[in-house]
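Residue-level listing of the chains:
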Amino acid sequence: MRSLALNRFDTPRGRALESKMVTMSTLRVTEIFRSIQGESTHAGRPCAFVRLTGCPMRCVWCDSTYTFTGGERMTIDAILEQVRAFDCRLVEVTGGEPLAQRASLELIRRLCDEGYEVLIETGGYFSTEEVDPRAAIILDVKCPASGEAERNHWPNLERLRADKDEVKFVIADRGDWDFARDIIARYDLERRAHAILISPVWGAVDLQMMAEWIISSGLDVRMQLQMHKIIWGPEARGV
């Protein structure tokens, strides 16, 4: 029975049906826009963003609570049409939590098929196992001050690839920094990840103090500021 189920589209009629199903796949989308990538090692590069709606986490410092509800139901074809219009080869699928919607996996695959350089910004609650391997993962490990540290899906850290995947820690206080250092050591992230990003909660951490923590740690990590907030302000959307 399993074999039959796996091969149910392996006929001309079946493939046509599958193609139609893929075309009709829909996602709830908060916004699609083009801007400057504000974070990660790609900061400063022009980037097209597909921001999906919905997130099961409620981090206390979340700066995109407007994505929790609402959004517009769009087909993957309609999303791709908007992305193509931007004429931008770097695309980030973000949220909310993009992997909370199953159809996001198909969107990611189709973006990769069209030759885009694809970034997936995920909060780490959902497994990254089925994400198209051509896409790069930016994995946000939740620290204690977020209120969601107990919900990290730790096997995601073991799947990080040193040639492309990045891991991010959003730091609100010294306790978060100590937590991040422990996780970096426990999962050997300096070897496992392409980059380790240390990002202060906006307006909550003294930046000079954080810089000193990083300098004195001896760790191969990167302090990152949210460039888009510096340029357009912390309340701006669609940037």
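A brief look at the structure comes next. (Residues numbered from 1 in each chain as written. Predicted model: local features only at pLDDT ≥ 70, side-chain atom pairs only at ≥ 80, totals over all residues. Heavy atoms only, no water.)

### Focus: the pairing of strand β1 (residues 26-36)
- Pairing between β1 and strand β3 (residues 72-75): four bridges, direction antiparallel. In the sheet register, R28 faces β3, and the bridge partner there is R73. (Pairing = 2+ DSSP bridges. Helix = DSSP H or I, 4+ residues; strand = E, 2+ residues; numbered from the N terminus.)

### Comments concerning a nonpolar patch on the surface
- Taken together, the side chains of W202, L207, L225, I230, I231 and W232 make up a nonpolar region of the molecular surface, amounting to roughly 590 Å² of accessible area.
- The element that contributes the greatest number of residues to the nonpolar patch is helix α9 (residues 227-232), accounting for three residues.
- If you trace the backbone, L225 turns up in the loop between β9 (222-223) and α9.
- L225 sits in the partly exposed class, given a relative accessible area of 37%. (Patch = residues over 30% accessible without salt bridge, like charges linked within 9 Å, V, L, I, M, F, W, Y side chains within 5 Å. Areas by Shrake-Rupley, 256 points an atom, 1.4 Å probe, with all protein chains shown as cover. Salt bridge = Lys/Arg side-chain N within 4 Å of Asp/Glu carboxyl O. Buried < 20%, exposed > 50% of the residue type's maximum accessible area, 1.4 Å probe, protein only.)

### Things to note about the pattern of salt bridges
- Following the criterion strictly, the structure yields 18 salt bridges and no others.
- Across the pair E39 and K168 runs a salt bridge whose closest N-O atoms are separated by 3.2 Å. Within this pair, whereas E39 is found in the loop between β1 and β2 (46-52), its partner K168 is found in strand β7 (residues 166-171), the two being separated by 129 residues in sequence.
- A residue is classified by how much of its surface remains accessible, and K168, at 6% relative accessible area, is buried.
- For R174, the salt bridge is made with D178, and the minimal N-O distance between the two is 3.1 Å.

### Focus on the sheet that holds strand β6 (residues 136-141)
- Across the sheet, which stays open at both edges, the nine strands sit in the order β3-β1-β2-β4-β5-β6-β7-β8-β9 with mixed pairing between neighbours. The two strands at the open ends of the sheet, each matched to only one other strand, are β3 and β9.

### Remarks on the nonpolar core
- Counting residues in each nonpolar core, the largest one holds 52 residues, and the members touching the most others are F169 and L189.
- Beyond its immediate stretch of four places on either side in the chain, F169 contacts V141, C143, A180, I183, I184, L189, I196, L197, I198 and S199. (Core = buried A, V, L, I, M, F, W, Y, C linked by side-chain atoms within 4.5 Å. Contact = heavy atoms within 4.5 Å.)

### Things to note about the environment of T75
- As for its placement among the helices and strands, T75 is situated in strand β3.
- Relative accessible area serves as the criterion here: at 23%, T75 is assigned to the partly exposed category.
- For T75 and A103, which are 28 residues apart along the polypeptide, the C-alpha to C-alpha distance reads 9.7 Å.
- Within polar-contact distance, the side chain of T75 engages the backbone nitrogen of A78 at 3.1 Å. (Polar contact = N/O pair within 3.5 Å; in protein donor to acceptor, adjacent residues only side chain to side chain.)

### Focus on the side chain of S104
- Position of S104 relative to the elements: it lies in helix α4 (residues 104-113).
- Apart from the residues within four sequence positions on either side, S104 is in contact with L27, L52, P98 and L99.

### Digging into the packing of aromatic side chains
- Evaluation of the coordinates by the stated rule reveals four aromatic pairs.
- Relative to F126, the ring of Y125 lies with its centre 5.0 Å away and its plane at 90°, an arrangement referred to as edge-to-face.
- When the centroid spacing of 6.3 Å and the interplanar angle of 15° are considered together, the rings of W177 and W213 count as stacked. With W177 in helix α6 (residues 174-186) and W213 in helix α8 (residues 207-217), this pair connects stretches of sequence that are 36 residues apart. (Phe/Tyr/Trp six-rings, centres within 6.5 Å; stacked < 30°, edge-to-face > 60°.)

Everything listed here is a matter of coordinates, which is why it stays silent on function.
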